[in-house]
Amino acid sequence: MGFDLEKQAEEAALIADLLTKNKDLMALWQKNYELTAMYSGESDDISVPEIQGALNNLQGKDLNQILANESGLKALQKAMKSLPEPRIVAQLSEENKDSAVGKSFKFMGQRFSVDAYIMQKLMKPVKRPQSTAFDVFAAMGSEAAERYLRANYDTNQNWPEYDDVLQKMKKEYAAGELTGGDNFYNGWIRAIDRTLNYVPKGTEIPYFMTTPAYEYKSINAALGSFAELKHDNILYSKQATAEMGGPEENRTLHYLEPNEELYQELLTLSAHAEKLMKKAKIDEKLIQPLASIKEMMKMFAEISRKELNGETITEAELQELNYFGGLVEMLNSHYLYLLSAEGYDVDQPKTTALIADIATILPRGDLPGGIVEVSTGYPYEIYALCHVNGVDFLAKGVVYSAFEFLNNERMTDEQWQEKLGITGDPYEASIDLGQYAAIR
């Protein structure tokens, strides 16, 4: 909930003042803020420390004295105006101006995210009310994503300035400042970037990685991972707004999609997560599995290098690939067990399918508006011709199924899973996705 600092400066000041005068409560607030910031980034709104800083500049007067007279109230308003403006601000027409939210105080604050910032900049009331995740991917520099964007979405048709704004977003993103924050969210965004824009280098680049189909596979993976990112941060991140493994005897050859840059990025993110979690004094049992993830990413980076240069993949490495799925399942079960031991009511998820809303399109006139949703469904199968240790073979694996569509209401995971036909045993589901736009 936001307090408009032009109209509700007194309420914001009172809340911040009451909290900061209680050292124990302020320490608790700080701990919660720092933990959520570690995952989701810093607040884009004015929060408690900024308000307290503004109050400290009022010549050290008691807040009650400040609020008791006209000159004090004017000084308070002036102090509030000096606070920084949010970077993600809805652009609305006169008809929906009452829905506008400018500089506001929020007790915890919604977090700045690079994707919401880009999407908000690429929305224009009436002319281009609906943004898309593909705006973000195009700003990341993905030529394939931009081609798809231009072919399937309105871009500059009704808003010629779109092209200039997109170029500006590309430059801002490339400069690195938008993802420079020290948090897991930005690390995840950088991993999506590595997925979209990776160009393999080596003496034996597999044929399937040179095809247009691979470009679309990468876009699909990026969209699916983006849906998971938004789903996990939906309570914290600010939203853009406009109008409108097998047994030993069955061991065979295996192939890892060689993306050394992605695995190095995930290795860096895992190591950084370990560091930040230790700093936050999180239980060591919850940090320990990161060691397995780091070793996994080191191995993936090395196997990628070997595959791209025609080097021999060792029996030990093939064995690790064989049991990769089991390792992931073990890590997942380990975390669920730890949470259960702490008293949390947790169940093994019956599906990875999930959904998240990424933008709100307000109604205007006869136009109903809606909610921009991104989601994942059942994984698709992929077949690729691969070459390992001098042998050509056909490999089968799984890739994301990802969707983006406009809906008239926000859907929960359960509602989306029901649309997929997942109500009990996931293997008995019947899927009818004709009404949703699938990116495959």
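Structure's up top.
A closer look at a nonpolar patch on the surface
On the surface, Ile234, Leu235 and Tyr236 cluster together to form a nonpolar patch covering roughly 300 Å² of accessible area. Within the secondary structure, Leu235 sits in the loop between helix H11 (212-232) and strand S3 (240-243).

As for the packing of aromatic side chains
What the rule picks out here adds up to 16 aromatic pairs. Between Tyr263 and Phe300 the ring centres are 5.3 Å apart and the planes differ by 70 degrees, which places this aromatic pair in the edge-to-face class. Highlighted residues: Tyr263 in helix H12 (residues 260-279) and Phe300 in helix H14 (residues 289-308), separated in sequence by 37 residues. Judged by relative accessible area, which is 9%, Tyr263 ranks as buried. Three or more aromatic residues link up through ring pairs in this structure, and these residues are Phe134, Phe137, Tyr148, Tyr153, Tyr216 and Phe226. Between Arg87 and the ring centre of Phe112, over which it is positioned, the NZ or CZ distance is 3.6 Å.

Here's the deal with the side chain of Asp413
Topologically, Asp413 is positioned in helix H17 (residues 413-419). Judged by relative accessible area, which is 18%, Asp413 ranks as buried. One polar contact links Asp413 to His231, side chain to side chain, over a distance of 2.5 Å. From its side chain, Asp413 meets the backbone nitrogen of Ile355 in a polar contact 3.1 Å long. Non-local contacts of Asp413, meaning those with residues more than four positions away in its chain, are made with His231, Leu354 and Ile355.

What to know about the pairing of strand S8 (residues 402-407)
Of all six residues in S8, five are buried; the element is thus mostly enclosed. Sheet topology note: the strand S5 (residues 370-376)/S8 ladder contains six bridges and is antiparallel. Counterpart to Val374 in the pairing with S8 is Glu404.

Side note on the nonpolar core
Within the largest apolar cluster, 46 residues are counted, with the highest numbers of intra-cluster contacts made by Ile118, Phe134, Phe137 and Met140. Among the secondary structure elements, those contributing two or more residues to this core are helix H6 (114-121), helix H7 (133-139), helix H8 (143-152), helix H9 (162-175), helix H10 (184-197), H11, strand S4 (354-362) and S5. Contacts of Met140, omitting those with residues within four sequence positions, involve Tyr173, Ile189, Ile192, Asp193, Leu196 and Asn197. Counting 26 residues, the second-largest nonpolar core is a separate cluster that includes Phe208, Tyr214, Leu308 and Ala384.

As for the side chain of Ser270
For Ser270, the position within the fold is in helix H12. With a relative accessible area of 9%, Ser270 lands in the buried category. Here Leu266 takes part through its backbone oxygen, which lies 2.8 Å from a polar atom of the side chain of Ser270. Apart from the residues lying within four places of it in its own chain, the contact partners of Ser270 are Leu290, Ile293 and Lys294.

Some remarks on helix H2 (residues 23-40)
Note: α-helices contain 3.6 residues per turn, so residues at a spacing of three or four share the same orientation. In a regular helix each residue adds 1.5 Å, so 18 residues correspond to 26 Å; H2 covers 25 Å between its end C-alpha atoms and thus fits that length. Here H2 has its buried residues at Met26, Trp29, Tyr33, Thr36, Ala37, Met38 and Ser40. Of the surrounding secondary structure, the elements contacted by the buried residues of H2 are helix H1 (9-20), helix H3 (48-56), H10 and H12. At the N-terminal end of H2, a side-chain oxygen is found 3.2 Å from the backbone nitrogen of Asp24, two or three residues along, and the residue is Asn22.

Re the packing of H8 against H11
It is the contact of H8 with H11, at a shortest axis distance of 9 Å, that shows an interaxial angle of 85 degrees. Here H8 lies roughly perpendicular to H11, going by the angle between them. Contacts between H8 and H11 involve Ala144, Ala145, Arg147 and Tyr148 on the former and, on the latter, Glu215, Tyr216 and Ile219. Split by residue class, the contact of H8 with H11 holds five nonpolar, no polar and two charged.

The rules behind the values
- Residues numbered from 1 in each chain as written.
- Predicted model: local features only at pLDDT ≥ 70, side-chain atom pairs only at ≥ 80, totals over all residues.
- Heavy atoms only, no water.
- Patch = residues over 30% accessible without salt bridge, like charges linked within 9 Å, V, L, I, M, F, W, Y side chains within 5 Å.
- Areas by Shrake-Rupley, 256 points an atom, 1.4 Å probe, with all protein chains shown as cover.
- Salt bridge = Lys/Arg side-chain N within 4 Å of Asp/Glu carboxyl O.
- Helix = DSSP H or I, 4+ residues; strand = E, 2+ residues; numbered from the N terminus.
- Phe/Tyr/Trp six-rings, centres within 6.5 Å; stacked < 30°, edge-to-face > 60°.
- Buried < 20%, exposed > 50% of the residue type's maximum accessible area, 1.4 Å probe, protein only.
- Lys NZ or Arg CZ within 6 Å of the ring centre and 35° of its normal.
- Polar contact = N/O pair within 3.5 Å; in protein donor to acceptor, adjacent residues only side chain to side chain.
- Contact = heavy atoms within 4.5 Å.
- Pairing = 2+ DSSP bridges.
- Core = buried A, V, L, I, M, F, W, Y, C linked by side-chain atoms within 4.5 Å.
- Expected span 1.5 Å × (residues − 1).
- Axes fitted to C-alpha atoms, helices over the stretch in contact; angles between N-to-C directions.
- Parallel < 35°, antiparallel > 145°, perpendicular 65-115°, else oblique.
- Nonpolar A, V, L, I, M, F, W, Y, C, P; charged D, E, K, R; others polar.

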